[in-house]
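Summary of the model geometry
Okay, here's what each chain looks like letter by letter:
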Amino acid sequence: MPIDFDVKRWEKIKDDARRWWTGDLKRPLIHLRLYGADPGRPEPALSKMPRTASYGFAVSTHAIVDRWDYDLSCITYLGDAFPAIIPDFGPGVIAAFMGGKTVVAYDTVWFQPQTDTPINQLTFQPDVQNPWFLHVKELMMCGLERWQGQVQLGMTDLGGNLDILSSFRPGEKLLLDLYDDPEHVKKRTWDAHKAWWFYFDAFNAVLQPVNPGYTAWTPIFSEDPYYMLQCDFCFMIGPDMFDAFVKPELSASCKRLTNPFYHLDGPGQLPHLDSLLTIPELKGVQWVPGSGQPDVTHWAHVYRKIRDAGKFIQFFGTMATFESVVAQLGSAEGIVFLGTEPISREAEVISFLKKYGAA
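Here we summarise the structure given alongside this text.

The rules behind each value
- Residues numbered from 1 in each chain as written.
- Predicted model: local features only at pLDDT ≥ 70, side-chain atom pairs only at ≥ 80, totals over all residues.
- Heavy atoms only, no water.
- Helix = DSSP H or I, 4+ residues; strand = E, 2+ residues; numbered from the N terminus.
- Rg over C-alpha atoms; globule rule 2.2 N^0.38 Å.
- Buried < 20%, exposed > 50% of the residue type's maximum accessible area, 1.4 Å probe, protein only.
- Contact = heavy atoms within 4.5 Å.
- Areas by Shrake-Rupley, 256 points an atom, 1.4 Å probe, with all protein chains shown as cover.
- Core = buried A, V, L, I, M, F, W, Y, C linked by side-chain atoms within 4.5 Å.
- Phe/Tyr/Trp six-rings, centres within 6.5 Å; stacked < 30°, edge-to-face > 60°.
- Lys NZ or Arg CZ within 6 Å of the ring centre and 35° of its normal.
- Expected span 1.5 Å × (residues − 1).
- Polar contact = N/O pair within 3.5 Å; in protein donor to acceptor, adjacent residues only side chain to side chain.
- Axes fitted to C-alpha atoms, helices over the stretch in contact; angles between N-to-C directions.
- Parallel < 35°, antiparallel > 145°, perpendicular 65-115°, else oblique.
- Left-handed = near helix turned anticlockwise from the far one by under 90°.
- Nonpolar A, V, L, I, M, F, W, Y, C, P; charged D, E, K, R; others polar.
- Pairing = 2+ DSSP bridges.

The subject of this paragraph is the overall build of the protein chain. Counting its regular elements, the protein chain contains 12 helices and 11 strands. In terms of C-alpha radius of gyration, the protein chain reaches 20 Å, essentially the compact-globule figure of 21 Å for 359 residues. Each principal axis of the C-alpha distribution contributes one length, and for the protein chain these read about 60 × 50 × 35 Å. Within the protein chain, the proportion of its 359 residues that are buried is 54%. Taking as baseline every contact in the protein chain between residues at least 6 positions apart, the subset at least 24 positions apart corresponds to 74%. Taken as a whole, the protein chain presents about 15,100 Å² of accessible surface, with 54% of it coming from carbon and sulfur.

The general pattern is negative phi for most residues beyond glycine and trans for most peptide bonds. Omega for the bond connecting Gln 208 with Pro 209 falls within 30 degrees of zero, at 5°, which places this linkage in the cis form. Among the secondary structure elements, Pro 209 is positioned in the loop between α7 (182-207) and β7 (226-230). In this model, Lys 26 sits at a positive phi of 65°, which is unusual for a non-glycine residue. Along the chain, the position of Lys 26 falls in the loop between α1 (7-21) and β1 (29-35). With relative accessibility at 56%, the residue Lys 26 sits in the exposed group. Positioned with a positive phi, Gln 148 is a non-glycine residue whose angle comes to about 50°. The topology assignment puts Gln 148 in the loop between α4 (131-147) and β6 (152-153).

Turning our eyes to something else, we now look at the nonpolar core. By size, the foremost hydrophobic cluster in this structure holds 116 residues, and its most contacted members are Phe 97, Leu 158 and Phe 322. Discounting residues that sit within four places of it in the chain, Phe 97 has contacts with Asp 127, Asn 130, Trp 132, Phe 133, Val 136, Leu 158, Tyr 199 and Phe 203.

On inspection of all chains with the given rule, the structure shows 32 aromatic pairs. Residues Trp 10 and Phe 82 carry aromatic rings whose centres are separated by 5.3 Å and whose planes lie at 45° to one another, so their mutual orientation is tilted. Here Trp 10, found in helix α1, pairs with Phe 82, found in the loop between β2 (75-79) and β3 (84-85); they are 72 residues apart in sequence, far enough to count as distant. Neither Trp 10 nor Phe 82 differs from the other in exposure class; each is buried. Centre to centre, the rings of Trp 21 and Phe 312 are 5.9 Å apart; their planes meet at 80°, and the pair counts as edge-to-face. Highlighted residues: Trp 21 in helix α1 and Phe 312 in strand β10 (residues 312-316), separated in sequence by 291 residues. Its end group placed over the ring of Phe 245, Lys 186 keeps NZ or CZ at 5.6 Å from the ring centre. It is Arg 256 that lies over the ring of Trp 197; its NZ or CZ is 4.1 Å from the centre.

Here we take up α4. Between its first and last C-alpha atoms α4 spans 24 Å; for 17 residues at 1.5 Å apiece the expected length is 24 Å, and the two agree. For α4, the complete set of buried residues consists of Trp 132, Phe 133, His 135, Val 136, Leu 139, Met 140, Cys 142, Gly 143, Leu 144 and Trp 147. Taken together, the buried residues of α4 touch α2 (61-73), β3, α3 (94-97), β4 (101-104), β6 and α7. For α4, the N-terminal cap is Asn 130; the gap from its side-chain oxygen to the backbone nitrogen of Trp 132 is 2.9 Å. Taken from the residues just after α4, Gln 148 is the one with a positive phi, measuring 50°.

Okay, the packing of helix α10 (residues 300-308) against helix α11 (residues 319-329) next. The relative placement of two packed helices is expressed as an angle between their axes plus a distance between the axes. Packing of α10 against α11 leaves a shortest axis separation of 10 Å and a crossing angle of 60°. One element, α10, and the other, α11, form an angle in the oblique class. The handedness of the crossing between α10 and α11 is right-handed. Along the contact surface, α10 presents Ala 300, Tyr 303, Arg 304 and Arg 307, while α11 presents Val 325, Gln 328 and Leu 329. Along the lines of polarity and charge, the residues of the contact of α10 with α11 split into 4 nonpolar, 1 polar and 2 charged.

So, on to the environment of Val 326. Mapped onto the elements, Val 326 comes out in helix α11. Its relative accessible area of 10% is what places Val 326 among the buried residues. Spatially, the C-alpha atom of Val 326 lies 10.0 Å from that of Tyr 303, the residues being 23 residues apart in sequence.

On to the packing of helix α5 (residues 161-168) against α7, then. Taken N-terminus to C-terminus, the directions of α5 and α7 make an angle of 110°; their axes are 9 Å apart at the nearest point. The orientation of α5 relative to α7 falls into the category roughly perpendicular. On α7, the residues that touch Asn 161, Leu 162, Ile 164 and Leu 165 of α5 are Val 185, Arg 188, Thr 189, Ala 192, His 193 and Trp 196. Among the residues forming the contact of α5 with α7, the class breakdown is 6 nonpolar, 3 polar and 1 charged.

All right, on to the sheet that holds β10 then. Within the open sheet, the 7 strands sit side by side as β2-β1-β11-β10-β9-β8-β7. Their pairing is mixed. Of all the strands in the sheet, the pair left with one neighbour each is β2 and β7. Going from strand to strand, the sheet's axes swing by 20° on average, the running direction of each strand aside.

Take a look at the structure:
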């Protein structure tokens, strides 16, 4: 059978998300995807890959989209979940769009400079003829043609601003630049900001208005512009440098997005949380504890700080971890939760969703 998601269900997704963003829904958004459904069709010859970039340029976009369609057909969408996919070319793919060297492994992608260019000589010029940009654009167009709005095509992972700079000034070079040439770092940051928004707008010109709305690599649905902003580089710097080099650009992007979230990745970023929460336009924070850290149930103090600042909370986990976090916070309002379960647990999942008003 084809992807099991009709227009009526999309209308409910839109209505509930609209009310959640405005604080009127009075319940959490709970996205639960059940894997193992019968797709009702043979599996394509093209194998499933961890990242879209792994297919390379030789594989047709139609074959990739057909593979996506099969995988989405193997999922049952419950609660606030909906079919969504992104062309996944690795975080910070803007570096590839602007001439960076792209190294594709089986499950990850790295971006490196073609030459060792000093920070004061770097230039960022959007290139609409770049083969990586054209490939992502073609995938989006192919998906829109195939699904006609039944599947939400998310924005590719454009990356964070200093993360993009670090692709051109790798290793310790950008860290040294912060001390040795701070003014040119700031100038390049705003150059990257302009390029980021050029590509964001260019892709949205393709995706809208066929796309139901906006999503990113974290598929929180919004009818208005949304993105999961990030700066993974900032785990290596202190609060003063965060405020000088990251926050101004981040605040400017938050002003341009109706529903911006921030990806807070690991304890190394926690020193920046207080500063982040003072950005008025920032709507919410995604907390990811990181590899080797206690799971999401051990960070109630982080969630309380986010909630006390009037921001939304997003995390991944299981039904059990969700209930643990909610018990610690005393309420599930203002949370968006994403999880997966086997289809054998469907009855249990439906009972769980009813408990929180999401079924």
